[in-house]
Amino acid sequence: MTKLKRFIPAVDWLSRYDRGQLSNDLLASIIVTIMLIPQSLAYAMLAGLPPQMGLYASILPLVAYAVFGSSRTLAVGPVAVVSLMTATAVSQVATPGSPEYIAVAILLALLSGLFLIAMGLLRLGFLANLLSHPVISGFISASAILIAISQLKHILGLKVEGQVLSDIVPALLQGLGATSIPTLIIGALSVAFLFWVRSRLQALLLALGIAPHWASMLVKAGPVAAVLVSIGAVAGLQLADQVRIVGAIPQGLPPLTLPPFDAELWGKLLPAAILISVVGFVESVSVAQSLAAKRRQRIDADQELVGLGAANVAAAVTGGYPVTGGFARSVVNYDAGAQTPLAGVFTAVMIAITAVFLTPLFYYLPNAVLAATIIVAVLSLVDLDAIRRIWHYSKQDFAALAGTIVMTLLAGVEAGIVTGVTLSILLFLWHTSQPHMAVVGQVPGTEHFRNIERHQVITSDKVLSIRVDESLYFVNARHLENQIGKRVAGHTALTDVVLMCPAVNMIDASALESLEMIASRLASAGIRLHLSEVKGPVMDRLERSDFFEHFTGQVFLSQYEAMHTLDPEVTERAAKSVRTALKQVV
């Protein structure tokens with residue numbers, strides 16, 4: 001049973017399910033459904049797919065995640081960034097609007113699901129750490145800007161192609177003369193209304209005496225109000241011939257679909273599927289961990305991979321497209337009181353009811369309203385504060401963030417994420433290739449040793465103590481040789497050099513050869529090399545080599561022990577200076 005709970009987390013929480021959880025999950029599912037219906041339609045449009053595919057991607061995937069996912073409150077379904085990445089990937093191999101385009105989108109969901117499941121089974125969740133926070137932040141912010149600008153064509157009633165700013169902006173400017181005024185009015189009013197709902201409505205409702213919980217829920221239902229009012233306006237004013245509308249949406253449950261088995265097509269889509277999987281997983285697991293921490297629950301990253309993979313496979317076999325955990329939707333699910341993943345199952349049932357019985361109601365829904373829903377939702381993802389903080393904190397991280405933003409906007413989402421990861425790795429290698437090294441001395445009255453440039457310390461003429469603040473490996477091995485040679489030069493009285501290693505977590509083969517070279521060069525000058533404060537795992541690796549067969553120095557447990565052994569006068573002077581100071585005070 002324990003092993004079954006590990007692979008199917010639903011077994012665990014279902015065994016302890018009670019009536020109180022049922023009522024909370026039902027309420028949360030109603031609220032999430034109200035939010036998810038317009039989002040599903042809108043994000044399908046963003047992906048260049050028929051609106052019903054957004055509904056299909058919000059039914060069986062939610063059930064699959066409820067069975068295999070480890071988060072109690074994560075809400076899975078179509079999200080903006082993954083929808084944009086889907087459109088970018090699929091449009092490279094199929095014509096938007098064609099049956100082939102739909103088939104490729106379904107295949108992309110399958111590939112993403114299989115890749116996620118494989119990563120989960122192999123316990124490779126740690127690989128997502130290659131995407132640093134600055135890269136993810138820059139990618140999401142740039143993608144949000146790109147999505148918002150791409151949706152302006154629906155607000156203006158224009159037909160514009162392109163996936164990057166260099167294509168979209170000129171086309172928008174060129175087509176301004178053909179703007180549809182009715183479409184613009186509907187779109188602009190929808191954007192203004194949704195921004196007002198997001199920023200002002202809750203305060204107004206609270207002032208009217210409505211409970212904070214219900215006020216928050218009514219704010220989340222704002223897009224539904226925009227959808228209903230716009231449908232009524234288009235139908236009542238007979239504007240269907242003047243504005244682009246969703247039109248007929250097929251009624252019924254999602255069809256069983258079988259993605260095409262074409263080896264060449266699979267090869268073309270695999271890189272995009274991997275990127276979509278990793279980005280979706282990072283976004284999803286970040287949300288899941290944040291919400292779980294509030295309730296002192298635990299998230300298993302590898303099980304999350306399996307859960308999200310199962311959700312994507314479920315999307316692929318029921319006419320959907322790639323899905324992941326949504327930030328805003330999950331927060332709403334949490335705030336609404338969801339206790340278990342069964343809330344997602346209830347949401348799936350309600351979406352299925354909508355797909356079977358209510359789709360005719362969306363016939364007159366203007367595309368401009370769906371675009372407004374997307375614009376308002378994604379602009380909240382632009383994190384200007386994070387950009388400012390990273391700029392002040394680390395220019396290295398800011399370079400990775402800026403590169404990600406620029407490349408995402410100018411070259412597309414895939415180029416942006418690849419650029420961000422590449423820059424992060426290169427900048428890390430550059431940083432660690434020049435590790436911080438400090439000459440240290442003893443702090444009077446203590447056994448501590450600190451940087452001579454930052455503290456008042458006592459040093460030795462015979463012993464040079466150098467602290468290395470980085471692991472030693474092939475990238476910085478030569479730098480270590482050069483720095484020690486430079487610091488030893490000119491010290492005629494020097495007899496010993498102690499390499500302080502409290503921050504060294506690894507010494508690879510290249511660095512080991514450099515240490516041997518340093519010891520040999522120092523020995524030829526009559527100077528012995530010693531090590532101090534070497535960590536256990538590093539010491540184990542050194543002992544497995546032949547390093548100590550040729551090493552003439554000593555390995556000291558602490559730097560104080562090294563100095564007390566090699567130049568006891570220094571340690572005595574450090575202690576004496578404190579005693580003298582105390583006498584003067586007395």
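Fair warning: this is a prediction, and the values are worked out from it, not measured in the lab.

### Comments concerning the overall build of the protein
From N to C terminus, the protein includes 27 helices and 8 strands. Along the first, second and third principal axes, the C-alpha atoms of the protein reach 95 × 60 × 55 Å. Classification of the 586 residues of the protein by burial places 52% in the buried group. The contacts of the protein with a sequence gap of at least 6 include a subset with a gap of at least 24, amounting to 79%.

### A short note on the packing of aromatic side chains
A complete count under the given rule lists 9 aromatic pairs for this structure. For the pair F548 and F551, a centre-to-centre distance of 6.0 Å together with 75 degrees between the ring planes defines the contact as edge-to-face. Judged by relative accessible area, F548 falls into the partly exposed class, the value being 27%. Within the aromatic cluster, the residues linked to one another by ring pairs are F547, F548 and F551. When the ring centre of W391 is taken as reference, the NZ or CZ atom of K395 above it lies at 4.4 Å.

### Structural notes on the packing of helix 19 (residues 384–393) against helix 20 (residues 395–411)
Between helix 19 and helix 20, the least distance of the axes is 6 Å, while the angle of their chain directions is 140 degrees. One finds that helix 19 runs oblique with respect to helix 20. Here helix 19 and helix 20 pass one another in a crossing that is left-handed. Facing helix 19, whose interface residues are I387, I390, W391, H392 and Y393, helix 20 presents K395, D397, F398, L401 and I405. Counted by class, the contact of helix 19 with helix 20 contains 7 nonpolar, 1 polar and 2 charged residues.

### Some thoughts on the sheet that holds strand 5 (residues 463–468)
Strand order in the open sheet formed by 6 strands is 4-3-5-6-7-8, and the pairing between neighbours is mixed. Only two strands of the sheet have a single partner each, and these edge strands are strand 4 (449–451) and strand 8 (555–556). Sheet analysis places strand 3 (residues 437–442) next to strand 4, joined by 3 bridges and oriented antiparallel. Across the sheet, Q442 pairs through a bridge with F449, a residue of strand 4.

### A few points about the side chain of T408
Along the chain, T408 falls in helix 20. Residue contacts for T408: discarding those within four places in its chain leaves F139, A142, S143, L146, V413, G416 and I417.

### Observations concerning the environment of D18
Checked against the element boundaries, D18 lands in the loop between helix 2 (10–14) and helix 3 (19–46). Its relative accessible area of 41% is what places D18 among the partly exposed residues. Within polar-contact distance, the side chain of D18 engages the backbone nitrogen of G20 at 3.2 Å. In terms of polar contacts, D18 uses its side chain to reach the backbone amide nitrogen of Q21, at 2.8 Å.

### What about unusual backbone geometry?
A positive phi angle is found at R123, which is not glycine, with a value near 55 degrees. Mapping R123 onto the fold places it in the loop between helix 7 (99–121) and helix 8 (133–150). The class of R123 is partly exposed, set by a relative accessible area of 42%.

### Focus: the pairing of strand 3
With respect to burial, strand 3 is a largely interior element, 6 of its 6 residues being buried. Every second residue of strand 3 is oriented toward a common face, with M437, V439 and G441 on one face and A438, V440 and Q442 on the other, all of them buried.

### Digging into a negative patch on the surface
Together, E513, E516, D546 and E549 give the surface a local cluster of negative charge. As for its position among the elements, E549 is in helix 25 (residues 547–550). Note on E549: relative accessible area 64%, which makes it exposed.

### Quick notes on the pattern of salt bridges
According to the stated counting rule, one finds 7 salt bridges in the structure shown. The salt bridge involving E481 is made with R521; its shortest N-O contact spans 3.3 Å. On the criterion of sequence distance, the pair formed by E481 in helix 22 (residues 477–488) and R521 in helix 23 (residues 509–524) is long-range, its members being 40 residues apart. In this structure R521 comes out as partly exposed when scored by relative accessible area, which is 47%.

The rules behind each value
- Residues numbered from 1 in each chain as written.
- Predicted model: local features only at pLDDT ≥ 70, side-chain atom pairs only at ≥ 80, totals over all residues.
- Heavy atoms only, no water.
- Helix = DSSP H or I, 4+ residues; strand = E, 2+ residues; numbered from the N terminus.
- Buried < 20%, exposed > 50% of the residue type's maximum accessible area, 1.4 Å probe, protein only.
- Contact = heavy atoms within 4.5 Å.
- Phe/Tyr/Trp six-rings, centres within 6.5 Å; stacked < 30°, edge-to-face > 60°.
- Lys NZ or Arg CZ within 6 Å of the ring centre and 35° of its normal.
- Axes fitted to C-alpha atoms, helices over the stretch in contact; angles between N-to-C directions.
- Parallel < 35°, antiparallel > 145°, perpendicular 65-115°, else oblique.
- Left-handed = near helix turned anticlockwise from the far one by under 90°.
- Nonpolar A, V, L, I, M, F, W, Y, C, P; charged D, E, K, R; others polar.
- Pairing = 2+ DSSP bridges.
- Polar contact = N/O pair within 3.5 Å; in protein donor to acceptor, adjacent residues only side chain to side chain.
- Patch = residues over 30% accessible without salt bridge, like charges linked within 9 Å, V, L, I, M, F, W, Y side chains within 5 Å.
- Areas by Shrake-Rupley, 256 points an atom, 1.4 Å probe, with all protein chains shown as cover.
- Salt bridge = Lys/Arg side-chain N within 4 Å of Asp/Glu carboxyl O.
- Lys, Arg positive; Asp, Glu negative; His and termini not counted.
- Charge placed at Lys NZ, Arg CZ, Asp CG, Glu CD.

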